[in-house]
Amino acid sequence: MTKLECFVSIIAPVRNDSKIIEDFIVKTVNELRANFQNYELLLIDDGSQDNSVAVIRGLLSRYPGIRMVQLSRSFGEEVAIAAGLELVIGDFAVVMLPFMDPPSLIRPIVECSLAGNDIVLGVNSGPRLERGLYRLGSTFFHAYCKRILGITLPKKSTQFRCLSRRALNAVIQSKDIYRYLRFFSYYSGYNHQAFPYVTTVHGHRRQPRTLLAGINSAIDFVVENSTHPLRFVTWTGIAAAIFNLIYVVGVGIIFTNRGGDTNGWASLSLQSSSQFLFLTIMLTIMSEYIGRILERLRDRPFYYVMDESVSSVLLVEKDRYNIVSEGAEDPVTAQPNRTSQ
């Protein structure tokens with residue numbers, strides 16, 4: 001099979017994957033070597049507590065085209081992927097999870113992008129991974145986004161995806177998009193295409209997301225991408241004000257006609273509790289937006305790089321070397337260069 005001339009960058013977040021990472025690296029490098037003239041495999045260590053880093057370092061001198069970036073602590077999968085997107089240099093960037101995405105699909109998903117799709121989204125065509133309340137909440141959230149926000153989100157999407165260079169440039173220009181990468185294509189305007197495949201768990205399966213984590217992600221997404229909650233606050237305030245006005249007018253009429261009223265404790269309690277409920281909802285929503293404004297004002301980096309290690313050579317065709325390893329002797333036997341930040 002003819003090798004594709006494009007430069008392909010693979011981004012793989014790693015966290016406590018020591019039992020499977022070597023097999024993933026070997027299979028991925030073999031696929032890249034067989035199908036692409038130029039490539040790189042970027043492994044982002046998201047604060048692993050096992051010996052994943054040691055295993056990867058042991059492979060850097062054996063396989064060309066590998067880079068490893070260690071984050072200072074665990075920032076989460078989405079942030080680790082965002083770090084990789086900012087650091088890769090390829091014409092196409094492919095995001096993969098080592099424990100579930102088959103390396104054999106790298107060429108097909110890149111070819112799908114070469115066909116004119118700036119963003120190719122992996123969609124799990126197998127059984128759904130979510131269960132119970134999380135699955136019910138996910139269904140409700142997708143329906144809310146589609147009918148209320150006008151945003152159609154991909155169902156059963158995974159982190160497996162391919163981005164062209166211009167789509168990648170658009171991603172890294174936004175400081176907030178790292179949280180919602182799998183939704184980016186649906187409001188970016190770039191051509192996108194679903195890529196059905198069956199996920200395959202290798203060795204172990206990471207702890208599934210909890211319902212609370214899913215709710216937090218949903219709130220983040222809605223607050224970042226819509227003012228609908230604020231509009232809800234507006235209309236809730238108007239409705240509460242009208243209700244309160246009607247209640248005050250009614251009390252005045254009763255007081256005038258009867259010359260005083262000693263009853264009405266139930267209705268008064270209902271009115272007070274309703275107003276308190278409305279105020280609580282409004283304050284909760286407004287606090288989310290105020291908190292997001294505070295995050296923007298802080299202007300802190302989303303992650304910190306602790307260390308970076310690279311193979312002896314990143315571009316392996318026709319003695320072409322990447323600038324970070326220029327001057328390396330043998331692409332297989334030379335020791336990896338290391339830099340720290």
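The structure under discussion appears in the preceding block.
Notes on the structure follow. (Residues numbered from 1 in each chain as written. Predicted model: local features only at pLDDT ≥ 70, side-chain atom pairs only at ≥ 80, totals over all residues. Heavy atoms only, no water.)

## Side note on the state of the cysteines
Part 1: According to the stated counting rule, one finds zero disulfides in the structure shown.
Part 2: The thiol sulfur of Cys6 is not disulfide-bonded, and the nearest other cysteine sulfur, from Cys162, lies at 8.3 Å.
Part 3: Cys6 sits in the buried class, given a relative accessible area of 12%. (Disulfide = S-S within 2.5 Å. Buried < 20%, exposed > 50% of the residue type's maximum accessible area, 1.4 Å probe, protein only.)

## Let's talk about the pattern of salt bridges
Part 1: As enumerated under the stated definition, the model contains seven salt bridges in all.
Part 2: Arg57 is paired through a salt bridge with Asp307; the nearest N and O atoms lie 2.9 Å apart. Of this pair, Arg57 sits in helix H2 (residues 52–60) while Asp307 is found in strand S8 (residues 305–310), placing the two residues 250 residues apart along the sequence.
Part 3: Classification of Arg57 by relative accessible area gives partly exposed; the value is 30%.
Part 4: For Glu308, the salt bridge is made with Arg67, and the minimal N-O distance between the two is 3.3 Å. (Salt bridge = Lys/Arg side-chain N within 4 Å of Asp/Glu carboxyl O. Helix = DSSP H or I, 4+ residues; strand = E, 2+ residues; numbered from the N terminus.)

## Comments concerning helix H8 (residues 211–225)
Part 1: Taking 1.5 Å per residue, 15 residues should reach 21 Å; H8 reaches 21 Å between its end C-alpha atoms and fits that length.
Part 2: The complete set of buried residues in H8 reads Gly214, Ala218, Phe221, Val222, Val223 and Glu224. (Expected span 1.5 Å × (residues − 1).)

## A closer look at the packing of aromatic side chains
Part 1: With the rule as written, the count across this model stands at three aromatic pairs.
Part 2: Seen in terms of ring centroids, Phe160 and Phe195 are 6.1 Å apart; in terms of plane orientation they differ by 75°. Their pairing is edge-to-face. Placement of the pair is Phe160 in strand S6 (residues 157–164) and Phe195 in strand S7 (residues 192–197), with a sequence separation of 35 residues.
Part 3: Where Phe160 meets Tyr197, the ring centres are 5.1 Å apart and the plane angle is 65°; that geometry is what we call edge-to-face. You can see Phe160 sitting in strand S6 and its partner Tyr197 sitting in strand S7, a full 37 residues away along the chain. Side by side, Phe160 and Tyr197 carry an identical accessibility label, which is buried.
Part 4: Following the ring pairs from residue to residue traces out a cluster consisting of Phe160, Phe195 and Tyr197. (Phe/Tyr/Trp six-rings, centres within 6.5 Å; stacked < 30°, edge-to-face > 60°.)

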